[in-house]
Amino acid sequence: MERSLERLMYASRWILAPIYVGMSLALLALSIKFFQEFYHFIPYILEVDESDLILKLLTLIDLTLVASLIVIVMFSGYENFVSRMDLSEETEKLDWLGTHDYNSLKMKVASSIVAISSIHLLKVFMNIQATDNSKIMWYALVHITFVVSALLMGYLDKLTKH
């Protein structure tokens, strides 16, 4: 009975596989949104002032960082929790594939969230006249919370490795 239960629990990791396929679809949706933003921006590129150009570029960078985060979570999560990817020798393989354990994946996610939050906060500061002061305070507090959380996670990870 115990052995059957353990085998069932171990096999249940495959429930994650469709979730990672869903993340591929989310990546596709994000890619469509990226090019939609880019397409709508191109006709006005010569008319837009410098700060609006920077804001639009920050939006595109933000979308790119989120897409990269999806790829990291999708591949690392699949390899860590479901199965190793059996890629042929002819297939181009990402250098980091198979090297991220759960802790390094957690740190990558935390640092990516901090980077995404930083870009969002920079966008708010670039357009500060259009944002209420109380919202700016909350944006900054949330960002500081992300930074402190990432630092604490890194510190705890360093402590547990010793």
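Scroll up to find the structure.
Given the structure is predicted, the values throughout are model-derived calculations rather than measurements.

Cut-off values and rules
- Residues numbered from 1 in each chain as written.
- Predicted model: local features only at pLDDT ≥ 70, side-chain atom pairs only at ≥ 80, totals over all residues.
- Heavy atoms only, no water.
- Core = buried A, V, L, I, M, F, W, Y, C linked by side-chain atoms within 4.5 Å.
- Buried < 20%, exposed > 50% of the residue type's maximum accessible area, 1.4 Å probe, protein only.
- Helix = DSSP H or I, 4+ residues; strand = E, 2+ residues; numbered from the N terminus.
- Contact = heavy atoms within 4.5 Å.
- Patch = residues over 30% accessible without salt bridge, like charges linked within 9 Å, V, L, I, M, F, W, Y side chains within 5 Å.
- Areas by Shrake-Rupley, 256 points an atom, 1.4 Å probe, with all protein chains shown as cover.
- Salt bridge = Lys/Arg side-chain N within 4 Å of Asp/Glu carboxyl O.
- Axes fitted to C-alpha atoms, helices over the stretch in contact; angles between N-to-C directions.
- Parallel < 35°, antiparallel > 145°, perpendicular 65-115°, else oblique.
- Left-handed = near helix turned anticlockwise from the far one by under 90°.
- Nonpolar A, V, L, I, M, F, W, Y, C, P; charged D, E, K, R; others polar.

### With respect to the nonpolar core
It is characteristic of soluble globular proteins that their nonpolar side chains tend to be buried jointly.
Stage number 1. Core analysis: the largest hydrophobic core is formed by 10 residues, namely Ala17, Tyr20, Met23, Leu30, Leu63, Ala67, Ile70, Met74, Tyr78 and Val82.
Stage number 2. Among the secondary structure elements, those contributing two or more residues to this core are α2 (16-41) and α3 (50-81).
Stage number 3. The element best represented in this core is α3, accounting for five residues.
Stage number 4. Every residue in contact with tyrosine 20, bar those within four places of it in the chain, is listed here: Val73, Met74, Gly77, Tyr78, Phe81 and Val82.

### A short note on a nonpolar patch on the surface
Stage number 1. A contiguous nonpolar surface patch, about 530 Å² in accessible area, is contributed by Phe35, Phe38, Ile42, Ile45 and Leu46.
Stage number 2. Here isoleucine 45 falls in the partly exposed class, since its relative accessible area comes to 38%.

### A few points about the packing of α3 against helix α4 (residues 102-126)
Stage number 1. At a minimum axis separation of 10 Å, α3 and α4 run at an interaxial angle of 170°. Between α3 and α4, the angle falls in the class roughly antiparallel. Like other packed secondary-structure pairs, α3 and α4 cross with a definite hand, here left-handed.
Stage number 2. Per-class residue counts for the contact of α3 with α4 are 18 nonpolar, six polar and three charged.

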